[in-house]
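Structure assessment
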Amino acid sequence: MIAQKTFLLLGSINMLLAVMLGAFGSHGLKDKLDERLFNAFSTGVQYHFYHAPGLLAIGLLSQWLVDSSLLKTSGWLMLSGIICFSGSLYALALTGNKLFGPITPIGGLLFIASWALLSAAIIKA
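Numbers given for residues are sequential positions, taken from 1 along each chain in its written order. Local features in a predicted model are, by the rule used here, given only for residues with pLDDT of at least 70; side-chain atom pairs are given and counted only at 80 or more, and totals for whole chains, interfaces and linings are based on all residues. No hydrogens and no water enter the side-chain calculation; it runs on all heavy atoms of the structure.

Some words on the overall build of the chain
Short version of the rule: Only DSSP runs of H or I reaching four residues or more are called helices, and only runs of E reaching two or more are called strands; each is numbered from the N terminus. Based on C-alpha atoms, the radius of gyration is set beside the globule rule, defined as 2.2 Å times the residue count to the power 0.38. Any two residues whose heavy atoms approach within 4.5 Å are treated as being in contact. For the area figures, the Shrake-Rupley method with a 1.4 Å probe applies, and any residue is considered shielded solely by the protein chains shown.
Scanning the chain from N- to C-terminus turns up four helices and zero strands. Ordering the α and β elements of the chain from the N terminus gives α-α-α-α. Over its C-alpha atoms the chain spans a radius of gyration of 15 Å, differing by no more than 12% from the 14 Å that the globule rule assigns to 125 residues. Seen along its three principal axes, the alpha-carbon backbone of the chain occupies a region of about 50 × 25 × 20 Å. In the chain, 78% of the contacts between residues at least 6 apart in sequence involve partners at least 24 apart. When the accessible surface of the chain is totalled, it reaches about 7,000 Å², and 71% of it is carbon and sulfur.

What follows is the structure in structure tokens.
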């Protein structure tokens, strides 16, 4: 029950953040960033939008896959992926600091691992 509520809450908060950041990018940054940095920010928002519903799905699935460590780990990896992938692109776009660039692929690997574990949890159930 705790995992269900946790991931539903995290999913809904991340959907909220994705909408807010998308609006901020479209209305507040489009004319302030060069095209490369704006595209980086937009990619961050896009992947944020892809994975926030994933957290909601994990919350819903935890109702049926109670006590699945694979499912819970998938959720934490997905959240970590949002932070590393989207967060690094947001930071790169807003600061122009290229040191954030190498963090992005780590976030991508976290996304891949998350979806793989989600698949494994479903298969195992």
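Still more to cover.
Here's the deal with helix H1 (residues 2–29)
Let me state the cut-off plainly: Expected helix span is given by 1.5 Å per residue-to-residue step, counting one fewer step than there are residues. Relative accessibility under 20% of the residue-type maximum defines a buried residue, over 50% an exposed one, and the middle range a partly exposed one, all with a 1.4 Å probe and only protein chains included.
Taking 1.5 Å as the rise per residue, H1 with 28 residues should run 40 Å; its terminal C-alpha atoms sit 38 Å apart, in good agreement. Restricting attention to buried positions, one finds in H1 the residues Ala3, Gln4, Phe7, Leu10, Gly11, Asn14, Ala18, Gly22, Gly25, Gly28 and Leu29. Buried residues belonging to H1 abut helix H2 (35–61) and helix H3 (69–95).

What about the confidence of the model for the chain?
Short version of the rule: As a per-residue measure, pLDDT tells how confident the predictor is, with possible values from 0 to 100.
Looking at the chain as a whole, the pLDDT averages 96, with 99% of positions reaching at least 70. Model confidence for the chain, summarised as mean pLDDT per element, is weakest for H1 at 96 and strongest for H3 at 98.

A short note on the nonpolar core
A general tendency of soluble globular proteins is for nonpolar side chains to be buried together. Applicable threshold: Joining through side-chain atoms within 4.5 Å is the link that ties buried Ala, Val, Leu, Ile, Met, Phe, Trp, Tyr and Cys residues into a set, and such a set is a nonpolar core.
Ranked by internal contacts, the top residues of the largest apolar core, which has 25 residues, are Phe7, Leu33, Phe41, Leu55, Ile58 and Leu71. When residues of this core are traced back to their parent elements, those giving at least two are H1, H2, H3 and helix H4 (103–124). In terms of residues, this core owes the most to one element, H3, which gives nine residues. Setting aside its immediate chain neighbours within four residues, Phe7 contacts Leu55, Leu56, Ile58, Gly59, Lys72, Gly75 and Trp76.

Describing the packing of aromatic side chains
Quick reminder of the rule: By convention, a stacked pair of Phe, Tyr or Trp rings (six-membered ring in the case of Trp) has centres within 6.5 Å and planes under 30 degrees apart, an edge-to-face pair has planes over 60 apart, and any other such pair is tilted.
Taken as a whole and assessed by the stated rule, the structure comprises seven aromatic pairs. Judged by centre distance (5.6 Å) and plane angle (50°), the rings of Phe85 and Phe111 are tilted. Taken together, the residues Phe85 in helix H3 and Phe111 in helix H4 connect sequence positions 26 residues apart. Each member of the pair, Phe85 as well as Phe111, is classed as buried. A network of ring pairs unites the aromatic residues Tyr47, Tyr50, Phe85 and Phe111 as a single cluster.

Notes on the environment of Asp34
Rules: Throughout this description, a polar contact denotes any pair of N or O atoms lying within 3.5 Å of each other; where both atoms belong to protein, one of them has to be capable of donating a hydrogen while the other can accept it, and for residues adjacent in sequence the pair is counted only when both atoms sit in side chains.
Turning to its location among the elements, Asp34 is positioned in the loop between H1 and H2. Given a relative accessible area of 42%, Asp34 falls into the partly exposed group. As a C-alpha pair, Asp34 and Ser74 span 40 residues in sequence and 35 Å in three-dimensional space. A distance of 3.1 Å separates the side chain of Asp34 from the backbone nitrogen of Arg36, its partner in a polar contact.

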